[in-house]
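Inside the fold
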Amino acid sequence: MKAREMRGRVLDIDSRITLWMARNGVFLTRIALGAIFLWFGILKFFAPQGEIEGLAAQTISKLSAGHIGPSVSLPILGTWESLIGLGLLSGKFLRATILLLFLQIPGTFMPLFLFPAQAWVHVPYEPTLVGQYIIKNVVLVCAGLLVGATLRGGKIIADPHAAKKADPTPHSL
């Protein structure tokens, strides 16, 4: 097989894989995000209170000036996260689900600022394991942005030429 033919086959396979990812990526992201939110939401009802749940309860207590304790905050947070998960998994009420997600996310980052001793070994460059758990929520936010960007019918375009025609503005960082 000649180099040109090999390159053509590789490009064809690459195009097919890219097209599959464009067609399925948002759906799979929505399902994965929903599973994560439902899983972590349910844990707040049944799992013994761990370091993360304790920190979430402390954060809510501090933000509410001590008016909302763990016996109230954890079931509310568990319900909230479970609703986000169910909405994403079912694909129903996605606008409301994405709104719940984005209203919840700022609170997840609050312990980085309110309880730095628990979130950082060295502020701001070396997080503890708890801090790493919190910081990974950036990925969840981005996944939510991706899902939210398609609520009005937007799609990922696999063809780079079509994408350039649709939006000639460069988006490189």
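You'll find the structure just up there.
Keep in mind it's a predicted model, so treat the numbers as computed, not measured.

1. Some thoughts on the overall build of the chain
From N to C terminus, the chain includes eight helices and two strands. In sequence order, the secondary structure elements of the chain are arranged as α-α-α-α-α-β-β-α-α-α. When each of the 173 residues of the chain is scored for burial, the buried share is 29%. Across the chain, the fraction of contacts at a sequence separation of at least 24, relative to all contacts at a separation of at least 6, is 66%. Carbon and sulfur atoms provide 69% of the accessible area of the chain, an area that totals close to 11,600 Å².

2. Quick word on the nonpolar core
Membership of the largest hydrophobic core comes to 21 residues, with the highest contact counts inside it found for Leu33, Phe37, Leu88 and Leu101. Among the secondary structure elements, those contributing two or more residues to this core are α1 (3-46), α3 (70-90), α4 (94-114), α6 (129-135) and α7 (137-148). Of the residues forming this core, the biggest block, six residues, is contributed by α4. In contact with Leu101, not counting residues within four places along its chain, are Leu33, Phe37, Ile84 and Leu88.

3. Brief notes about the pattern of salt bridges
Side-chain pairs of opposite charge can arise where the charged atoms are in close proximity. For the coordinates displayed, the defined rule picks out two salt bridges. Among the salt bridges present, the one from Arg16 reaches Asp12, with a minimum N-O distance of 3.0 Å. In this pair, Arg16 and Asp12 both sit in helix α1, four residues apart, roughly one turn of the helix. In this structure Arg16 comes out as exposed when scored by relative accessible area, which is 59%. Given the relative accessible area of 36%, Asp12 is considered partly exposed.

4. Quick notes on the packing of helix α2 (residues 51-63) against α4
Viewed as axis vectors pointing N to C, α2 and α4 meet at an angle of 85°, and their least axial separation amounts to 9 Å. Taken together, the axis directions place α2 and α4 in an arrangement best described as roughly perpendicular. Contacts from Leu55, Thr59, Lys62 and Leu63 of α2 reach α4 at Gly107, Met110, Pro111 and Leu114. Per-class residue counts for the contact of α2 with α4 are five nonpolar, two polar and one charged.

5. A closer look at unusual backbone geometry
Across the junction of Val123 and Pro124, the peptide omega takes the value -5°, indicating a cis bond. Note on placement: Pro124 falls in the loop between β1 (120-122) and β2 (126-127). Within the chain, Ala65 stands out as a residue other than glycine whose phi angle is a positive 55°. In this fold, Ala65 is placed in the loop between α2 and α3. Take Ala65: its relative accessible area is 60%, and that puts it in the exposed class. Unusually for a residue other than glycine, Phe93 sits at a positive phi of about 55°. Following the sequence through the fold, Phe93 ends up in the loop between α3 and α4.

Parameters and conventions
- Residues numbered from 1 in each chain as written.
- Predicted model: local features only at pLDDT ≥ 70, side-chain atom pairs only at ≥ 80, totals over all residues.
- Heavy atoms only, no water.
- Helix = DSSP H or I, 4+ residues; strand = E, 2+ residues; numbered from the N terminus.
- Buried < 20%, exposed > 50% of the residue type's maximum accessible area, 1.4 Å probe, protein only.
- Contact = heavy atoms within 4.5 Å.
- Areas by Shrake-Rupley, 256 points an atom, 1.4 Å probe, with all protein chains shown as cover.
- Core = buried A, V, L, I, M, F, W, Y, C linked by side-chain atoms within 4.5 Å.
- Salt bridge = Lys/Arg side-chain N within 4 Å of Asp/Glu carboxyl O.
- Axes fitted to C-alpha atoms, helices over the stretch in contact; angles between N-to-C directions.
- Parallel < 35°, antiparallel > 145°, perpendicular 65-115°, else oblique.
- Nonpolar A, V, L, I, M, F, W, Y, C, P; charged D, E, K, R; others polar.

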